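Descriptive structure summary
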Amino acid sequence: MSHLKQADPAIYSALEKEVSRQNEGLELIASENFVSRPVMQAMGSPLTNKYAEGLPGKRYYGGCQFVDIAEDIARDRAKQVFNCEWVNVQPHSGASANAAVYLTLMKPGDVFLGLNLAHGGHLTHGSPVNFSGILYKAEYYGVEPDGPDAGRIDMNKVRDQALKVRPRMISIGASAYSRDFDYAAFRSVADEIGAFLWMDMAHTAGLIAAKIMKDPLPHCHIVSTTTHKTLRGPRGGMLLIGKDGANTMGKVAPKSGRTKNWSELFDSSVFPGMQGGPLMHVIAAKAVAFGEALEPEFITYAKQVISNSKAMANAFVERGYDVVSGGTDNHLSLIDLRNKGITGKDAEIVLGTADITVNKNMVPYDTESPFVTSGIRIGSPAMTTRGMGEDDFRTIVHLIDRVLTNAHNDSVISDVRGAIHELTDRFPLYDFVTA
Ligand code: DSN
C-alpha cells in the first residue's frame, strides 16, 4: 500500500480505518464475507485497464488475448463448481444479472411473482422503488404469519397465487429467508401455468456450490447470483443455466433471421443490453474465487457456515429470542426483537457501538417502517471464514444479548467491546495495511 499511502493520504487513511474496523470488529452481516489475498490481488491488478466488450474470442476491441484467458478460466471453473451448461461471468453485480433476466424473459408491463420484500425478498424482485417494480407488474407470495409453518413459504399458497395472477415468470430467492426452497414444487407450479422459473441464489450460492443446500439448477430456467456472499469471491454477479434448464424453455423466436439459443439471448442481455465493458480485473478475481470453491477446504468452510449459523440460532432461541421460523437451514437468522422491547434500528446502532456489525431488517408482518424495522438479520459466513466455530458463535450470542439487554449501560457495552476485540484477536484477518 506504500504507493497509495504516499499519493493519496486521505484515501489511504479511510482504507486503513476500514481495515482496522474489519480486523477488530465482529462482522455478522449475512451478505458479507472476507475474500482471500489472491482474489484481492487479481482485483487490484492492471486488468482493470482493459476494455473487452463482447465475449472471449469475439470482442469489439483488440488486445484481448490475455483477458480472454482469464474469462475462459472463470467460465470453465464456474461450470465445474455449479455443474452447469452455460454461464455469463460479466454482470457487474447481482442487480445487473437480475436486470438481464428481466430483459430476456419479460416485456415492460408483464406480470411476475416473487417473494415479498417485507418477507425476506430482494429489492430487485419487484420492489416499487426498483426498476423491477417500476417496469414490470410485481405480484407477491409470502411466508406464513403463524401456525406450525410460521415464517416459512407454503407452496400451496404460492400455487394459488400463481393461478390467480398468471405470471410470465416466477422468481425464487431471498435476502432474509433462513430456510431452503422446494425448487421441484416451484417448477411444477411454473409448468402448470407456463411460466419461466428464475432463482436468484445470491445469498446461498456458496452453500449450493458445496452441495449442502438443494441445487436450483436442475429445476430453474435461469439462475442468477452475486459472487461475493457465501461464495466468497469478489463483488460481482453471474448468470447460469443448468444442464436441462435451457432445453426446457421451448423455442426461441427467430431474431434477425436466425433462431437463437436462450444462452445467446442472455449473453446479449448482459452486453449490449445492460452493460458496456466488462470488469476484467473482477472477472479474473471471480476465476480465482471459483478455483478456491473447487478445493475440498471450501466444503469444510461451507459446512461450518451452516453449523455456526444453527448454533447461533439455537443460542438465541435458548435466550428467549424470537427467531423467525424457529431456526435456520442456511447461513442466516432473522431475529424478531418485538418481545425484547428494542427496534431493529436501535439494536443495529447499539451493537455497532460494541463493534458488532449487523443490519436492521424487516420481519414478516412488521409493524415498523423499513427505516426502523422490528428485527435484525445475523449471518455466519464472514466470521466462519476467519476460523470461528460453534462455541465462538455461542459466545457471540451471549455478548449480543448482553448489549441488547443493557442498551443504555455504557460500562456493559465497553466490557463487551473489549471481549469482542479479544475474540477477533484470536482469528487474524488482514495485516497489509496496519502491519
Ligand atoms: N443487499 C444485499 C443483502 O444484504 O442481502 C442483497 O443485495
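Residues numbered from 1 in each chain as written. Predicted model: local features only at pLDDT ≥ 70, side-chain atom pairs only at ≥ 80, totals over all residues. Heavy atoms only, no water.

Quick look at the state of the cysteines now. This structure, assessed with the given rule, holds 0 disulfides. With no disulfide partner, C220 has as its closest neighbouring cysteine sulfur the one in C84, 13 Å distant. With relative accessibility at 0%, the residue C220 sits in the buried group. (Disulfide = S-S within 2.5 Å. Buried < 20%, exposed > 50% of the residue type's maximum accessible area, 1.4 Å probe, protein only.)

Sheet strands pair via backbone hydrogen bonds, and the direction of the pair is either parallel or antiparallel. If you trace the 7 strands from one edge of the open sheet to the other, you get β4-β10-β9-β8-β7-β5-β6, paired in mixed fashion. Unpaired on one side and paired on the other, β4 (84-88) and β6 (137-141) mark the two borders of the sheet. Averaged over all neighbouring strand pairs, the angle between strand axes comes to 25°, with direction disregarded. With 3 bridges connecting them, strand β8 (residues 196-200) and strand β9 (residues 222-226) associate as parallel partners. Bridge pairing in β9 links D200 to S224. Together, β4, β8, β9 and β10 (237-242) form the strand contacts of helix α10 (residues 262-274), whose direction differs from that of β4 by roughly 15°. (Pairing = 2+ DSSP bridges. Helix = DSSP H or I, 4+ residues; strand = E, 2+ residues; numbered from the N terminus. Axes fitted to C-alpha atoms, helices over the stretch in contact; angles between N-to-C directions. Contact = heavy atoms within 4.5 Å.)

We now examine the nonpolar core. Generally speaking, nonpolar side chains in soluble globular proteins are found buried as a group. In terms of nonpolar packing, the biggest core is built from 57 residues, with F82 and I170 touching the most fellow members. Counting 45 residues, the second-largest nonpolar core is a separate cluster that includes L28, A289, A315 and I413. (Core = buried A, V, L, I, M, F, W, Y, C linked by side-chain atoms within 4.5 Å.)

Inspection of the secondary structure puts R386 in the loop between α14 (381-385) and α15 (390-404). No salt bridge is formed by the buried R386, whose closest oppositely charged neighbour, D425, lies at an N-O distance of 6.5 Å. Among all residues touching R386, those that are not within four sequence positions of it are Q22, N23, G25, F34, T424, F427, P428 and L429. (Lys, Arg positive; Asp, Glu negative; His and termini not counted. Salt bridge = Lys/Arg side-chain N within 4 Å of Asp/Glu carboxyl O.)

Nothing here speaks to function; it is geometry throughout.
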